[in-house]
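Listed here are the chains, written in short residue letters.
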Amino acid sequence: MIFTRSAAPRRRTLLATAALVSSVLLAGCASFGPKTPEEEVRARAEQRWAALVKRDFAKAYTYAQPGFRAVVKPEAYQTRFGNAGSWKDAQVHEATCEAARCTVRVRLTTAIAIPRFARSIPEVVGYHDEVWVRDEGQWWFLEKI
C-alpha cells in the first residue's frame, strides 16, 4: 500500500490508538491474574465479617468449612452468637498464610447490650485472630464444632 502525505498522519494516529488500546487491555488482564492466598483470604474474611455485622448469619454460615456445615445445620448456627453485644464494625487488618492455613487479624468494635455495663462502657474495641483453611480449592473459616 502506498501512502500519500495526507495518509501518513492518519496512519500514525491509528497506530498510536492501537498501541494505547492494546496496553490498556493488557493492563486490565493483569488485574484479573491470580491473587495471593493472603488477598483471597482477606477478601473472604471481609465478606464474612460484613455479614456478621449485619447479623446475616445465613450468609456468614456459607464461609464455614464444608466439614462444619455437614455437622451443624444453618438453623443451629445462629445460636452460637449471644445477645450480650453486637458488632458495629469489623476491619480485617492482616492475613498471614502458609500452605493451606491462614491466620487473619480482625479489629472489632462491639456495642455492649448489657444495661449495667453499657452505661459505663458502651463500646469495646479489640482484636480477634481467626484461622482460615484451604479445602477443595477454596478458603474457609475454621469453625469449631
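Residues numbered from 1 in each chain as written. Predicted model: local features only at pLDDT ≥ 70, side-chain atom pairs only at ≥ 80, totals over all residues. Heavy atoms only, no water.

### Notes on the nonpolar core
Across soluble globular proteins, nonpolar side chains have a tendency to be buried as a group.
In step 1: Counting residues in hydrophobic clusters, the biggest one holds 25 residues, and the most contacted among them are V41, L52, Y77, V104 and W132.
In step 2: The biggest single contributor to this core is helix α2 (residues 37–53), with five residues.
In step 3: Excluding residues within four positions of it along the chain, V41 makes contact with C97, C102, V104, W132 and W139. (Core = buried A, V, L, I, M, F, W, Y, C linked by side-chain atoms within 4.5 Å. Buried < 20%, exposed > 50% of the residue type's maximum accessible area, 1.4 Å probe, protein only. Helix = DSSP H or I, 4+ residues; strand = E, 2+ residues; numbered from the N terminus. Contact = heavy atoms within 4.5 Å.)

### With respect to the confidence of the model for the protein chain
In step 1: Summary statistics for the protein chain give a mean pLDDT of 82 and a share of 75% for residues scoring 70 or more.
In step 2: Contacts for the low-pLDDT stretch residues 18–30, under 50 throughout, to residues beyond four places or in other chains number zero contacts. (pLDDT = per-residue confidence, 0-100.)

### Let's talk about unusual backbone geometry
In step 1: Positive phi outside glycine occurs at R55, with the angle close to 60 degrees.
In step 2: If you trace the backbone, R55 turns up in the loop between α2 and α3 (57–61).
In step 3: One non-glycine residue, E136, adopts positive backbone phi at about 55 degrees.
In step 4: You can see E136 is positioned in the loop between β3 (123–135) and β4 (138–141).

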